[in-house]
Structure formats: C-alpha cells, structure tokens
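Structural description and commentary
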Amino acid sequence: MKAIRRLTVRPVLPDPLGPLSDLARNLRWSWHPETRDLFQSVDPGCWTASGCDPVRLLGTVRSARLAELAEDRRFLRRLTAVADDLDHYMTGDRWYQAQPGRLPAAVAYFSPEFGITAALPQYSGGLGILAGDHLKAASDLGVPLIGVGLLYRHGYFRQSLTRDGWQQEHYPVLDPHELPLALLREADGTPAHVALALPGGRELRARIWLAQVGRVPLLMLDSDVEENDLGERGVTDRLYGGGSEHRLLQEMLLGIGGVRAVRTYCRLTGHAAPEVFHTNEGHAGFLGLERISELCDEGLEFGPALEAVRAGTVFTTHTPVPAGIDRFDRELVARHFGPDTELPRIDVERVLRLGMETYPGGEPGLFNMAVMGLRLAQRANGVSLLHGGVSREMFSGLWPGFDADEVPITSVTNGVHAPTWVAPEVFRLGARQIGAQRAEDALSVGDSDRWDSVADIPDQDIWELRRTLREQLVTEVRERLRASWRQRGAGAAELGWIDDVLDPDVLTIGFARRVPSYKRLTLMLRDRDRLTDLLLHPERPVQIVVAGKAHPADDGGKRLVQELVRFADDPRVRHRIVFLPDYGMAMAQKLYPGCDIWLNNPLRPLEACGTSGMKAALNGCLNLSVLDGWWDEWFQPDFGWAIPTADGAGTDPDRRDAIEASALYDLLEQRITPRFYERGASGLPDRWIEMVRRTLSLLGPKVLAGRMVREYVERLYTPAAEAHRAMDPDSARALAEWKTRVRAAWPGVSVDHVETSAATATAELGSTLGLRVRVNLGDLAPDDVEVQAVSGRVDSEDRITDAATVPLKPVGGPDLEGRWLYEGPLALDRTGPFGYTVRVLPAHRLLASGAEAGLVAVPSDELVQAAGLLMR
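As the structure is a computational prediction, the values presented were derived from the model and not from experiment.

Counting secondary structure elements, the protein chain contains 29 helices and 27 strands. Against the compact-globule benchmark of 29 Å for 872 residues, the protein chain has a radius of gyration of 29 Å, which places it among compact chains. Expressed along its principal axes, the backbone C-alpha trace of the protein chain runs to roughly 95 × 70 × 50 Å. For the protein chain, with 872 residues in total, the buried portion stands at 57%. Put simply, of all contacts in the protein chain between residues at least 6 apart along the chain, 73% involve residues at least 24 apart. Within the structure as shown, the protein chain displays about 35,400 Å² of accessible surface, and the carbon and sulfur contribution to it stands at 49%.

A separate point is a negative patch on the surface. A cluster of acidic residues, Asp-329, Glu-331, Asp-347 and Glu-349, forms a negative patch at the surface. Counting through the fold element by element, Glu-331 comes out in helix α12 (residues 330-335). For Glu-331, a relative accessible area of 56% gives the class exposed.

The 6 strands lie next to each other as β17-β16-β15-β18-β19-β20, forming an open sheet whose pairing is parallel. The sheet terminates laterally at β17 (577-580) and β20 (640-643), the two strands that pair on one side only. In this sheet, adjacent strand axes meet at a mean angle of 20 degrees when their direction is disregarded. Note that strand β16 (residues 542-547) and β17 share 4 bridges and pair parallel. Paired with Ala-547 across the bridge in β17 is Leu-580. Along the sheet, helix α21 (residues 555-569) makes contact with β16 and β17, crossing β17 at roughly 135 degrees.

The next subject is the environment of Thr-805. If you trace the backbone, Thr-805 turns up in strand β24 (residues 800-807). In the structure, Thr-805 is positioned 521 residues away from Ala-284 in sequence and 36 Å away in space, judged by C-alpha atoms. Excluding residues within four positions of it along the chain, Thr-805 makes contact with Gln-788, Ala-789, Val-790 and Arg-839.

Backbone torsion omega between Arg-604 and Pro-605 reads 5 degrees, so that peptide bond is classified as cis. Examined against the element boundaries, Pro-605 turns out to sit in the loop between β18 (597-600) and α23 (612-617). A positive phi angle, close to 65 degrees, is found at Leu-502, a residue other than glycine. Its place among the elements puts Leu-502 in the loop between α19 (459-487) and β15 (507-512). Under the relative-accessibility criterion, Leu-502 is labelled buried at 3%. Located in the positive-phi region is Asp-802, a residue other than glycine, with phi close to 50 degrees. For Asp-802, a relative accessible area of 59% translates into the label exposed.

In this structure the tally under the stated criterion is 7 cavities of 30 Å³ or more. The space that makes up the largest cavity amounts to roughly 80 Å³. Lining the largest cavity are 13 residues, with Leu-481, Trp-485, Arg-488, Asp-569 and Phe-579 positioned closest to its centre. Those elements that provide at least two residues to the lining of the largest cavity are α19, α21 and β17.

Two numbers describe a pair of aromatic rings. These are the distance of the centres and the angle of the planes. Applying the stated criterion across every chain yields a total of 19 aromatic pairs. Judged by centre distance (6.4 Å) and plane angle (5 degrees), the rings of Phe-39 and Trp-47 are stacked. Under the relative-accessibility criterion, Phe-39 is labelled buried at 0%. Looking at Trp-47, the relative accessible area reads 5%, which means it is buried. Here the aromatic rings of Trp-630 and Trp-631 are separated by 5.2 Å at their centres, their planes lie at 70 degrees, and the arrangement is edge-to-face. On the basis of relative accessible area, Trp-630 is assigned to the buried category, the value being 3%. Over the face of the ring belonging to Tyr-171 we find Arg-238, whose NZ or CZ atom lies 3.5 Å from the ring centre. Over the aromatic face of Phe-157 sits the side chain of Lys-549, whose NZ or CZ is 5.0 Å from the ring centroid.

Here we take up the pattern of salt bridges. Think of it this way: side chains of opposite charge can pair up when their charged atoms draw near. Scanning the model with the defined rule gives 65 salt bridges in all. When the shortest N-O distance is used, the salt bridge between Arg-450 and Asp-452 registers 2.6 Å. Judged by its relative accessible area of 46%, Arg-450 is partly exposed. Note on Asp-452: relative accessible area 49%, which makes it partly exposed. Glu-669 serves as the salt-bridge partner of Arg-530, at 2.9 Å between the closest nitrogen and oxygen.

Most of strand β9 (residues 276-280) is tucked away, with 5 of its 5 residues classed as buried. The alternating pattern of β9 places Val-276, His-278 and Asn-280 and Phe-277 and Thr-279 on opposite faces, both of which are buried. Note that strand β1 (residues 107-110) and β9 share 4 bridges and pair parallel. Looking at the pairing, Ala-108 lines up with Phe-277 of β9. Where β9 lies against strand β10 (residues 313-316), 4 bridges are found, and the strand directions are parallel. Residue Phe-277 lies in a different strand from β10, and its bridge partner there is Thr-313.

Thresholds applied
- Residues numbered from 1 in each chain as written.
- Predicted model: local features only at pLDDT ≥ 70, side-chain atom pairs only at ≥ 80, totals over all residues.
- Heavy atoms only, no water.
- Helix = DSSP H or I, 4+ residues; strand = E, 2+ residues; numbered from the N terminus.
- Rg over C-alpha atoms; globule rule 2.2 N^0.38 Å.
- Buried < 20%, exposed > 50% of the residue type's maximum accessible area, 1.4 Å probe, protein only.
- Contact = heavy atoms within 4.5 Å.
- Areas by Shrake-Rupley, 256 points an atom, 1.4 Å probe, with all protein chains shown as cover.
- Patch = residues over 30% accessible without salt bridge, like charges linked within 9 Å, V, L, I, M, F, W, Y side chains within 5 Å.
- Salt bridge = Lys/Arg side-chain N within 4 Å of Asp/Glu carboxyl O.
- Lys, Arg positive; Asp, Glu negative; His and termini not counted.
- Charge placed at Lys NZ, Arg CZ, Asp CG, Glu CD.
- Pairing = 2+ DSSP bridges.
- Axes fitted to C-alpha atoms, helices over the stretch in contact; angles between N-to-C directions.
- 1 Å grid on protein atoms, 1.4 Å probe; cavity = no way out; pocket = protein on both sides within 12 Å on 5 of 7 lines; lining within 4 Å.
- Points joined across faces, edges and corners; volume = space filled by probe spheres on them.
- Phe/Tyr/Trp six-rings, centres within 6.5 Å; stacked < 30°, edge-to-face > 60°.
- Lys NZ or Arg CZ within 6 Å of the ring centre and 35° of its normal.

Have a look at this one:
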C-alpha cells in the first residue's frame, strides 16, 4: 500500500552522542576523512545503504546500536577528537586572518547551482561543482563568504537508459527535512522568509534553508511553501527547467530574494554584512538591482546608487558562446518590474537599458543577463587565460573604440577542491611522505609552486597506487553497469559477461561531462574500426569509461548518448568500453582516480575551463586534451598530450572533426599506449611513472581551488571592497554627475594635431621621440581626461599589437582656439615594424580602468593618413 503522507522521524541521540548531530549537519564531513570514518564506524552497513550520508545514516541506525555506542569509550574518544577538530576548524585563524591590510568583512557569492556533495544534489555540471569547490576552499582559507542559491525540490534529473540506449529523465522529490539542511528561523522560532511582488498583485514567497559548508553558510531559497499559489510553489522545482517566465522568476528570486536572504541572515546571526557581491554567471544578475533599490530607499538617486553598487560587485562569466547566456524578451522583463511589481522605485526603462545589447549584431528586443551583469559590476573575469581573451572579444561591443585586449575583463583560472577530489589512497601516500597535517595544508591552502616531496616516493609505490585505484574503478564500473542493465530490462541470466568488463591491468581512459554538441562525446567513434583495433589490441589494449548527461530538451545530445551506448553494447567491445548513466559526484570521485588518461576533445575555444581534467591530474591521471580552457594555459609534455586543433579558416566542421579524430588515434597508437606498456630495467613503466610524478609535483599545486580563491581575494575581492568603502554617498553622487557631464561633453573631444621631434638623429632601438599633441577638450578640463601615447609593433594592416601606453602631460593653458597642448617622450623599445597613435580617455580616481566608461577619442582618419607609420 502507498502512504498518504510522508514525514521524517528523527532519531533521539543519547546525550554522549550529541556531537554526532552537529558533525552530520556541517558538510565539512564531505571532504574530511576522519569525520567520514567516524560515521562509517557507527554502522558500516547503514553507511553504505545511506549513500554515505550522515543525516540519512542517523535516521536509519537502530536505537540499540546508538545505546551501545554511547557506552563505547573508544568510540566516544574518537567522537570527542573529531568534534574538537571541527570546533578548532570553525573558530581558529586561517590563511585569511593572517593577511595584511583591510580585507573584505564579508563576501556574498551567488550561483544558480552548488555541487557540495552527492547528499545534496543541487547541481547539473561544472558550474555547480565549481561553485561548491569555491565555497569549500573559502572555508579552508577562512574567507568570510556567504553562499546564496536556490533549493530545487527535484534537483537536476536522474538519468537512465532504455533498452535501445535512449536517455530517460527521472525527477525524484527531495525532502529538505531529509537533507543536511536547517531552516533559518526568526527569534520567535518562525521560519524566516523573503517575498517578491509579482504582476497582478500576486506574491512569491520563499523560506530560507541553511547548509553549513565548513565555515561558510549557504543560503538556499525554497518557494514550495503553503502561502504560495501552485504556480509560485513550483518556481524552485527543477534546476534549469521550465520556460522563459519560469527561468526569469528563478533568477529574480535568486538575485533579488538572495540579497534579502543575506540581509535576513546577517540580522539574525550577527554575521558581518558583505562588502563585496560576487555573481557566478549571469543568472543572479538581478542582485545588483536589489542593491540599487536599497540605496534608493535610503535617499540616493539611481545614478549614484548604480555607481555605489558597481564598486563592490564582481561578475564571473563562464560561457564562451552567446548561446550559453540567458536572454529574455524585453516585454517579459518589463512586466515584472515597475510601479505595481518589484523594485517600484526604479524606472523600468532603466532596468531594461542595463540588459540591452547595444552593439553590432545585438538584438534590441532581448534582455541579456550577462550584459546586465557586466554593466552592474566594476570587476569581471573569465575562468581561464584563454577564456578571458575569448570573453573580451565576445563582449567587446560594450566598449566601442577599444581593442579587445583592453576590454576590462580579466581572468582567474578555475581550480578544484583537492580534499574533495583526491582519493584517500593518494592522500595517504602524500601524508606518509610529509605528515598528515602538512599534506592537508598543501591540498587546501595551495600556496606552493611545486610539491617537491613527490620526487621521494618510490616508483614501485606510485605504480602500485595506480593499479589499486584502477582496480577499484573496475569494481565500481561492474556494479554500476549491472544496475544500469537491470534498469534497461535485462535479466540476471543475461549479464554474466559483466564479470569480465574492464581489466585492472589495461590502460584506462576516462571521458565524463555534460553532452552539448561542442564537447564532442562521439569524436572517438569517428573511425570505429580504428577505435576497435585500439580497444582489442593484443599487446597494448585500451579500455574506456564514458559518462554524461544530455539536457532534457536537447534531443541532439540524447542522440549522441545513444550512438555511444549502442557502440558500447556491441558484444565484440563491450568488455573494453562502457557508458555509465547518471553521472554525478559520487561516480566522479571513483572515476577520476581510477583512470590513467583523462580525455577532453571540445571544439576550441568553446571550453571555458574544463575542470574535470584537473581533478584527474590530482590523482596522478595524465591529460589528453585539445588545447582549450585550462589545458591551453598549463599544458606541458610532462603532464600529458595535446590533441592538435584543425582551426584553419577553410576547414569545414566535418573535415575538422576528421582531422582531430585522426590525431587522437595517432597519439593513442604511437605515443600513449607504447609508453604505458613499455617496461624499463626495473620491470616498471619508468617513463609513464615519471609523467605521473611530474603531474603531481608541478601541475598539482596549480589546479587547486585554494590557489583560485586566493587569487579572487587578492585581485578582485580586496580591490572591490576598497572601492566599495570609497564610494560613500557623496562620492557616488560626484562620480555619477561626473560621468553624466563627461558623456554629454565627449562629442566635443578630439585629437587635432600630432607631431614628433626626434631626440637623436636616427630612429634606432633605445632612442626617444618627443610627442606633441593638440587636443580639443570641449567643455572638459585636463583633470577630466588622460591623453595617452599608444605604441607597439604593427601588423601588415598597421594595427598595433602588444601595445604599451604612456600618459602625456599638459603644457600651459588652452590656446586661443581652446585647444590644449600635451607633450611626452616615446621610447623606441623594440625593433621591426613599429607604430604609434594617441588617444584621449576619461580619467577619474574612482574608475577601475581607463576603458570603464567606454569612451575614447582617437585621431581622425585624415590625421592618421597624414601622420603615417613611424618606421618599417
């Protein structure tokens, strides 16, 4: 019979076991081995059945077992030690507290998804896992972060396969009371909530759940409350589900409701108010509007409030393609803002202008969330060096007149949280070399350029470790494959072959990620005969483990999954290649360590970063990848192999795939498999082991989330906090008025005359030219601008590359025609084709960069033609 109502009955822990509840509710257990080991010892069978989730474990373990543990002095000593360790972790000073200067009192970090642990399935892929790793690393470093997201009642979908290999989606209902969450409550015990006004006098209410991620609180908004109508209750039903209005409401709740949740949390707990707001992708961009509205309620006008909000906002873009950005119909957005809905003090036209695509090729009828995010943030970044460059090109239309490399978008290359992703066996090997505490610090803080102690680990130990991890993966794959085939309708009698799937002594390749077309799941199938020969090679076989989910609405992606599954179902090769459905964190934590090669073959440059290869590398797995994302930045032959990119202008997509697939097969046949199976004098694959060693010692420290978060603190959060403090109401008004005045006067700014005088008789390397420039500033004064000389090597079309800028100084006052004379030296510091130009930029002490205002005056075409190039 089916129950008519479901409720969660919580265990009553004996008093001596009380600390178990606190340990279960702090998600530090998900990356702290001693805490996990303690929970496993409570009841190993229940631990496995609970999916290694302490909250579920404590809800299922027998009362008699709890009573027994309450009398077990050895267990109680372990419990006390682990609880004391958590207390010290939560309250003691860490990296952040030891930094000089005035760092942000707090940072609010907004993301539509967070991948913390499989026990809290609120993620779909890399964006969410990155956000979870960001929170964990911030906790380890002591950064006072507050995470903000939504609580999806169905999470992302669970994936299974039909008998013919077609992806099916399932949406199990998540009960927050069974998750490692607690309701945020008011002082009187009632649940805290936030509310948004909707068109037609309706209201969207949401309560606030709290997940404690080590030292970092994660606030998750949940619209499934009785006060809402049925439609509003479903706003937080699914991650990336529903139509445009559904998505818009999710993003309004995340951004606007998220700021209100942060204010509520700080009011109730005394937590420091954030000085910096970090928007992880455009989904949370409306947070800037809410903060503007707050300042307008305090008496500030829109313009100054915009400047004040921008000063303390950081925006991170994760997509290298316009199709990856949320864009809404302008009329839909307009309907949800204005006098009778949300943010009534802000004119709806001002809201719409923030998201307008005011650049060539932009669509005026659409509201672009990334464009709004950039306009509301004074600091922005991509997530790898290459992606930063791609982002500058992609959004350069917002800064007309500037070269793409001057667009104010920097980059902070992603990292991964090593304590989460490094296999226990790998950690123990490191701890044996340098001690557990030093090993833990090396993985979490990440303040070293290299891990030299790896050099002292014997080859035999490294090779035994790699085989152990491979063997564990084989066991895991067989279990998951058997479960998958049972779901597909196979009977037990059909599945005897699974006992021979994979071999712990065969070179193992992993490929696991979401399945959009640009990641090219099926590139490996381009020449099936050649792939089959690789899989079945008599002396040097390979085996491949593949996993990945296609978006529920992406039938093209589902066809790619089906194509791969059908190949892997072939009885000739099914012992050498497998597809595992329902890729998630629990699977990934076994998959990364157990593979020898991590394969990544996206279309370059469409992979913003691609952190799965980083997680593999931390476990001694070598990368085989297209030079995209982080691999473009850090690839060395010591760490793996680069798949050549066929990116010539005349190469059509089909030919490009054929060329790159052929290069992939060549690398596997000629370089990778021979090195893996080749044995040295010791009987071990010496050259392969040396690559593993160098990957761990040289690449390992680079890919850490600790390194990433330290970069955010030093390069983005601290400058943003300083700008926020400088932007008091008077300064904000002054800056807004200055920008208005400068924009109005800018059409009158021009470069009217440029001349040079050589300081030496010849233009030779090391010599200096004197520049004299006459500019018309119209209604502006020299204090409002900076006049610059821009010089560098030039290409065949006279474009300056690798430009250097030098400010020129005003000489005297304006002439009779109101023009100002500027002078300065121009050093000829490089040989070959060399050129220069001059330009005028707005200048103000509160601007983060010269390009921020998006205004520039350069010489006219006539003046450029008259000046010509300096030297060829």
